[in-house]
Amino acid sequence: MNTIYILWLRQLKRYFRSRSRLVGSLGQPLLFLIALGFGFGPIFEKAGEGSYLQFIAPGIIAMGILFTALFSGIEIIWDKQFGFLKETMVAPVSRLNIMIGRTLGGATVATVQGIIVFVLTLFVGFKPASIALVPVAFVYMFLIALLFTALGTAIASMLDDMQGFQLIMNFVVMPTFFLSGALFPLQGLPEAIAIVAKFNPLSYGIDGLRGVLAGASHFGLHIDLLVLSAATGILVVVGSYLFSKIEI
Amino acid sequence: MSTGFYCERVPNLLHLSCEPSRSSSMAEQRFCKAKVGGSTPLSGSMNEQIIEVKELVKRFDDLVAVNKVSFEVAKGEIFAFLGPNGAGKSTTIKILTTLLRATSGEVRVNGFNVSDGQDEVRRSFGIVFQDPSLDDELTAWENMELHGVLYGLQKITRRTRIEELMKIVELWDRKDDLVKNFSGGMKRRLEIARGLLHHPKVLFLDEPTLGLDPQTRNHIWSYIQNLNRTEGITIFFTTHYMEEAERVAQRVAVIDHGVIVARGTPEELKAQAGVATLEDAFLKLTGKTIRDNEATSADNMRMHSRVWRR
């Protein structure tokens, strides 16, 4: 228990201490929100879909979480190369506890990041459908965060250096984000994209967030929660397994 | 930062120095010389082996990194494990410290088997890795605290020991500084202090003085030797500085191509090879060919790290 706590605390301290990273990782979601939100707003409205800002705000929140969470997981590569991982690996604690502590830490950090993006969207003009449901949104945020921290951990456990980083960016992170319904409605899509989006766990995370925050859900909140929790559970197990196999 | 040795600054904690300084008494000097000459350790329990390695084999796919290596290290000994790059040193240390699993053979540390008594083995040793393994974004104190928690030390014990050890390595006044602002020598000292926090029986040091200036090297060795003397901690270290091994180690083993090619006191090795220094003996044993180490991914990462960390 103490192991989990101290490693969780470490992730938090690292996050709050690197201000440049904190601010830097807010830049991208904010740019997307403003450029796309206001840029496509008029067309979206003409098409009879209502406010685009209102539509993409949950997607942008999820984006902030996705990036922070994946990178928290991928940080393991750093710790592998720069030694800190060894320090935890030679300690008389189980690898599962190390993995849990780190993953919870990363997920907490990503959730905080999501909340900050959420607050920013309020300033830009996003209006949550119901204030009472905001805490429920935090649950979805945390699940998304947990899912992608575990995914990052799984990926980082298999990689030895940052060489594969571009590969991950272009073939995992970007497709996950763009093919998730973060930026466009999932109704009436071409078959291929609709299928991909259906198998993308982030779609359910964003749909859930949108259902709670903007009051419109495609799959339904129960399905969202179910799929998201299941995917998270699977990835935590896979991540733990791969982490336990790390040899340094 | 101080320039003097511990023995002068903190006399009650570190009252012996192997540097033949004017302040040390005759008896101490004799003692030091005896040790430098590679004689028996102070503790009486000589035949108790704290590290036992029998027929250790480690295979990576088709490469045999360690091939039927056997050796023992006695309790309270300062033991140097020498070898050229890629000889199998690091692999052996990784197996001894439970980071890697052996392909076959038996390895015991402090009486516990590394394959089925991992946690007991882990509690028995402290380690200073070749590369710093501190968290740069945490303060010195936080690094110590994290270690203490990982090793399950109770809060009061933990806090007392942290203060004690950080004072010994003269970092207590820098305890709230982030480790990334520390020099190489300071990081090493902190790592040594950290490695001792859980009171290990064996301290593994993988090239502990790599890249340090002579002042810091002396400083660190006099501290380690003193620790060995006063606490009876067994020291197992690797180094590429042969004169360092000759001066400090009571016994050495030389590994090459995964096989132990020589072992004994530095004196014995020199006598066997018929040369004057351990370095010559080492070269005679392992040949003069330069071992090319392929750049590891770690080296590549280090190159990019500065760009990334901004």
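Scroll up to find the structure this text is about.
A quick note: this is a predicted structure, and the numbers were derived from the prediction, not measured.

Draft legend 1. Seen up close, the overall build of chain B. When you go through chain B residue by residue, the secondary structure sums to 12 helices and 10 strands. Relative to its 310 residues, chain B shows a buried fraction of 43%. Within chain B, contacts between residues separated by at least 24 positions form 67% of all contacts whose residues are at least 6 apart in sequence.

Draft legend 2. The interface of chain A and chain B, seen in detail. If you look at the interface, chain A gives 25 residues, while chain B gives 25 residues. Of all the elements in the fold, those that place two or more residues in the side of chain A that touches chain B are α1 (2–17) and α5 (84–89) of chain A. Take the side of chain A that touches chain B: its biggest share by element is seven residues, from α1(A). The residue makeup of the side of chain A that touches chain B, split by class, is 10 nonpolar, six polar and nine charged.

Draft legend 3. Fine view of the sheet that holds strand β4 (residues 104–109) of chain B. Residue and element names in this part refer to chain B. If you walk across this open sheet you meet the four strands as β2-β1-β4-β5, and the pairing is antiparallel. In this open sheet, the two strands that pair with only one neighbour each are β2 (63–74) and β5 (112–113). Sheet analysis places β4 next to β5, joined by two bridges and oriented antiparallel. Its bridge partner lying in β5, V109 is registered against F112.

Draft legend 4. Expanded view of the packing of helix α2 (residues 19–39) of chain A against helix α4 (residues 52–81) of chain A. Residues and elements named next belong to chain A. Here α2 crosses α4 at 160°, and the two axes come no closer than 9 Å. One way to sum up the angle between α2 and α4 is to call them roughly antiparallel. Viewed along their axes, α2 and α4 form a crossing whose handedness is right-handed. For the pair formed by α2 and α4, the contact residues are S25, P29, F32, L33, L36 and G37 on the first element and Y52, L53, I56, A57, I60, M63, G64, F67 and T68 on the second. In terms of residue class, the contact of α2 with α4 is built from 11 nonpolar, four polar and no charged.

Draft legend 5. A look at the packing of α4(A) against helix α10 (residues 201–213) of chain A. All names here are of chain A. Running from amino to carboxyl end, α4 crosses α10 at an angle of 135°, the nearest separation of the two axes being 9 Å. Relative to α10, the element α4 is oriented oblique. Handedness of the crossing formed by α4 with α10: right-handed. Every residue of α10 that contacts α4 at P58, G59, I61, A62 and L66 is listed here: L202, G205, I206, L209, R210 and L213.

Draft legend 6. Layout of helix α6 (residues 95–124) of chain A. Look at α6(A): 43 Å from first C-alpha to last across 30 residues, which is about the 44 Å you get at 1.5 Å a residue. Where α6(A) ends, the next residue or the one after it, G125(A), has phi of about 130°, a positive value.

Draft legend 7. Focus on the environment of I50(B). Residues and elements named next belong to chain B. When you line up the elements, I50 lands in strand β1 (residues 49–60). Look at I50 and you get buried, because 23 C-beta atoms sit within 10 Å. Those residues in contact with I50, other than ones at most four positions away along the chain, are V73, A74, K75, N110, K201, V202 and T234.

Draft legend 8. Examining the environment of L146(A) more closely. Residues and elements named next belong to chain A. Residue placement: L146 occurs in helix α7 (residues 134–158). In this structure L146 comes out as buried when scored by C-beta crowding, with 27 C-beta atoms within 10 Å. Residues L146 and G211 lie 65 residues apart in sequence; the distance between their C-alpha atoms is 20 Å. Excluding residues within four positions of it along the chain, L146 makes contact with T103, A107, T232 and V236.

Draft legend 9. Focus on the pairing of strand β8 (residues 234–238) of chain B. Residues and elements named next belong to chain B. Within β8, five of the five residues are buried, which leaves the element mostly enclosed by the surrounding structure. Burial along β8 is two-sided: the face carrying T234, F236 and T238 and the face carrying I235 and F237 are both buried. When strand β7 (residues 202–206) meets β8, the two strands line up parallel, connected through five bridges. Paired with V202 across the strands is T234, a residue of β8.

Draft legend 10. Examining unusual backbone geometry more closely. All names here are of chain B. Residue T98 is not a glycine yet carries a positive backbone phi of 65°. Even without a glycine there, the phi angle at H199 is positive, about 50°. Within the secondary structure, H199 sits in the loop between α7 (184–196) and β7. What makes H199 partly exposed here is the crowd of 14 C-beta atoms within 10 Å.

Draft legend 11. Up close: the sheet that holds β8(B). All names here are of chain B. Overall, mixed pairing links the six strands, which are arranged β6-β7-β8-β3-β9-β10 in an open sheet. Of all strands in the sheet, those bounded by a partner on one side alone are β6 (125–128) and β10 (259–264). Direction aside, the axes of adjacent strands within the sheet are offset by 15° on average. Here strand β9 (residues 251–256) pairs with β10 via five bridges, running antiparallel. Its bridge partner lying in β10, V252 is registered against G264. Helix α11 (residues 278–286) contacts β3 (78–82), β9 and β10 of the sheet and is inclined by roughly 30° relative to β9.

Draft legend 12. Focus on the nonpolar core. Core analysis: the largest hydrophobic core is formed by 137 residues, its most contacted members being A62(A), I144(A), L147(A) and A193(B). Of all the elements, α4(A) adds the most residues to this core, at 16 residues.

Draft legend 13. Just the pairing of β2(B), in detail. Residue and element names in this part refer to chain B. As paired strands, β1 and β2 are joined by eight bridges and run antiparallel to one another. The partner of E52 across the bridge, within β2, is E72. Between β1 and β2, which follow one another and run antiparallel, lie two residues, and D61 among them has a positive phi close to 45°.

Basis of the calculations
- Residues numbered from 1 in each chain as written.
- Chains lettered and ligands numbered in written order.
- Predicted model: local features only at pLDDT ≥ 70, side-chain atom pairs only at ≥ 80, totals over all residues.
- Helix = DSSP H or I, 4+ residues; strand = E, 2+ residues; numbered from the N terminus.
- Buried ≥ 20, exposed ≤ 12 C-beta atoms within 10 Å, placed from the backbone.
- Contact = placed C-beta atoms within 7 Å.
- Nonpolar A, V, L, I, M, F, W, Y, C, P; charged D, E, K, R; others polar.
- Pairing = 2+ DSSP bridges.
- Axes fitted to C-alpha atoms, helices over the stretch in contact; angles between N-to-C directions.
- Parallel < 35°, antiparallel > 145°, perpendicular 65-115°, else oblique.
- Left-handed = near helix turned anticlockwise from the far one by under 90°.
- Expected span 1.5 Å × (residues − 1).
- Core = buried A, V, L, I, M, F, W, Y, C linked by C-beta atoms within 7 Å.

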